Amino acid sequence: MDFTDDTKLDSLMGALFTPYKQSVTDVQKVIDALLSHAIISSEDEIVNDHIAFRTLGVPNLGIASFEKLFLHYGYVKKDYYFFKEKKLNAYWYAPPSPKYPRIFISELRVDDLPEKAKTILNKYTNDILQDPVDSIDLNNVASVGNFFYKPLWDLPTITDYQELQKISEYAAWVLYNRYYLNHYTISVHDLKQPYNSLESFNKFLTSIGITLNTAGGVIKTSADGLLKQTSSVAKMIDAIFKDGEHLEISGSYVEFAERLPYPKSTNDTEPTRRRDGFESANADKIFESTYSSQTKKS
């Protein structure tokens with residue numbers, strides 16, 4: 001694509017973010033507090049560090065399918081991550097321009113699950129005989145935007161959801177939420193002092209009533225100490241299942257990241273760069289923002 005005009009990618013990000021913001025009430029709560037405390041003077045000052053999606057690793061779906069949406073718009077595939085305990089693969093994608101967020105896409109390794117879980121997931125996905133992304137006009141932003149909320153498989157039953165949740169909370173989340181935006185991330189280091197450190201910003205978050213994910217500690221820090229991440233706990237939402245049954249399940253959440261500068265050598269003439277990429281140990285605990293061990297606290 002020609003990126004001399006960013007209108008299409010701007011529109012795509014809007015199609016993703018608007019429904020997410022309406023659904024995840026903590027987003028507006030944080031934005032309103034940032035404005036009322038004069039930490040920012042406009043919502044446009046917030047820098048979105050990255051957005052994240054969850055997928056199922058089954059034929060015609062998963063990362064290989066989903067990444068096409070963003071590769072078409074100029075994103076570049078970067079590092080691979082493996083989460084053994086949660087049975088996940090993931091990659092991150094660099095944006096075509098710094099004005100856009102990084103993207104993190106994870107995928108459940110369905111073949112690694114117990115037979116019972118595979119049977120449940122296959123019941124809903126076996127009828128997907130071709131990659132649904134291949135039928136989309138990727139130059140049509142409206143079509144791409146609609147795809148994120150398109151039902152690719154039938155609504156699950158409450159029984160299937162609950163049985164799957166016992167085995168993999170990630171799997172249950174994707175079965176119901178499909179490709180809905182899992183979270184977006186505020187770049188804390190781009191805020192004014194003293195809120196540009198995650199330690200200070202977390203105090204601000206708790207003061208306005210945001211419940212934080214404590215898995216692995218409230219602040220998850222990379223081995224090099226240069227990437228610090230905190231996330232809210234997903235709010236429970238009223239979900240309508242097959243046959244009109246209702247159940248409260250975890251929705252999406254918000255993340256907050258601080259990327260520290262790489263150390264500069266005395267003869268380094270390059271501009272200061274901040275830590276890029278992701279850290280598997282951090283991400284492993286961020287995933288748990290939708291897990292019952294965290295949501296039962298909110």
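Not measured: the values here are computed from a predicted model.

K.L.:
When you look at the sheet that holds strand E7 (residues 227-231) in this model, what are you seeing that I'm missing?
P.N.:
Pairing between sheet strands relies on hydrogen bonds along the backbone, with the strands arranged either parallel or antiparallel. Spatially, E2-E3-E4-E1-E5-E10-E7-E6 is the arrangement adopted by the eight strands of the open sheet, whose pairing is mixed. If you trace the sheet from one side to the other, it starts and ends with strand E2 (76-83) and strand E6 (220-221), each paired once.

K.L.:
Quick question: what am I supposed to make of the pairing of E7 here?
P.N.:
Look at any regular strand and the pattern is simple: side chains alternate between the two faces of the sheet. The buried fraction of E7 is high, at five of five residues. Judged by which residues are buried, E7 turns out to be covered on both faces: Leu227, Gln229 and Ser231 on one side and Lys228 and Thr230 on the other are all buried. Two strands pair when backbone bridges link them, and E6 and E7 are joined in this way by two bridges, in the antiparallel orientation. Each bridged residue has a counterpart across the sheet, and for Thr221 the counterpart in E7 is Lys228. The antiparallel hairpin formed by E6 and E7 contains five residues in its connecting segment, where Gly225 sits at a positive phi of about 75 degrees. Judged from the five bridges that link them, E7 and strand E10 (residues 253-259) form a sheet pairing that is antiparallel. When the sheet's bridge partners are listed, Leu227 is paired in E10 with Arg259.

K.L.:
How should I be thinking about the packing of aromatic side chains in this particular structure?
P.N.:
Geometry of an aromatic ring pair is reported as the spacing of the ring centres plus the angle between the planes. All told, the structure shown has 25 aromatic pairs when counted by the stated rule. Geometrically, the ring pair formed by Tyr81 and Phe104 is tilted, given 5.9 Å between the ring centres and 40 degrees between the ring planes. Of the two residues, Tyr81 sits in strand E2 while Phe104 sits in strand E4 (residues 102-108), which places them 23 residues apart along the sequence. This pair shows no difference in class: Tyr81 is buried, exactly as Phe104 is. The interplanar angle of 65 degrees and the centroid separation of 5.2 Å between the aromatic rings of Tyr161 and Phe241 together place this pair among those described as edge-to-face. Taken together, the positions of Tyr161 in helix H7 (residues 158-167) and Phe241 in the loop between strand E8 (236-240) and strand E9 (246-250) put the pair 80 residues apart, joining distant regions of the chain. This pair shows no difference in class: Tyr161 is buried, exactly as Phe241 is. Taken together, the aromatic side chains of Phe53, Phe66, Phe70, Tyr75, Phe147, Phe148 and Tyr179 make up a single cluster linked through ring pairs. Across the ring face of Trp173, the terminal group of Arg54 is positioned such that the distance to the ring centre comes to 5.1 Å.

K.L.:
Can you help me understand the packing of helix H5 (residues 115-125) against H7 in this one?
P.N.:
A pair of packed helices is captured by two measures, namely the crossing angle of their axes and the spacing between those axes. Close contact between H5 and H7 brings their axes to 9 Å; oriented N to C, the two are set at 140 degrees. Viewed along their axes, H5 and H7 adopt a mutual orientation that is oblique. Handedness of the crossing formed by H5 with H7: left-handed. Facing Lys116, Ala117, Ile120, Leu121, Lys123 and Tyr124 of H5, the residues of H7 in contact are Asp160, Glu163, Leu164 and Ile167. Its residues assigned to classes, the contact of H5 with H7 comprises six nonpolar, no polar and four charged.

K.L.:
Honestly, the pattern of salt bridges in this entry has me stumped. Any pointers?
P.N.:
Where charged atoms of side chains with opposite charge meet at close range, the side chains can pair. Under the criterion given, the structure shown has 21 salt bridges. One salt-bridge network, in which partners are shared between bridges, spans Asp49, Arg102, Arg259 and Asp276.

K.L.:
Would you explain the side chain of Ser106 in this entry?
P.N.:
For Ser106, the position within the fold is in strand E4. For Ser106, a relative accessible area of 1% gives the class buried. Beyond its immediate sequence surroundings of up to four residues, Ser106 is in contact with Phe53, Arg54, Thr55, Ile63, Asn89, Ala90, Tyr170 and Phe287.

Thresholds applied
- Residues numbered from 1 in each chain as written.
- Predicted model: local features only at pLDDT ≥ 70, side-chain atom pairs only at ≥ 80, totals over all residues.
- Heavy atoms only, no water.
- Pairing = 2+ DSSP bridges.
- Helix = DSSP H or I, 4+ residues; strand = E, 2+ residues; numbered from the N terminus.
- Buried < 20%, exposed > 50% of the residue type's maximum accessible area, 1.4 Å probe, protein only.
- Phe/Tyr/Trp six-rings, centres within 6.5 Å; stacked < 30°, edge-to-face > 60°.
- Lys NZ or Arg CZ within 6 Å of the ring centre and 35° of its normal.
- Axes fitted to C-alpha atoms, helices over the stretch in contact; angles between N-to-C directions.
- Parallel < 35°, antiparallel > 145°, perpendicular 65-115°, else oblique.
- Left-handed = near helix turned anticlockwise from the far one by under 90°.
- Contact = heavy atoms within 4.5 Å.
- Nonpolar A, V, L, I, M, F, W, Y, C, P; charged D, E, K, R; others polar.
- Salt bridge = Lys/Arg side-chain N within 4 Å of Asp/Glu carboxyl O.

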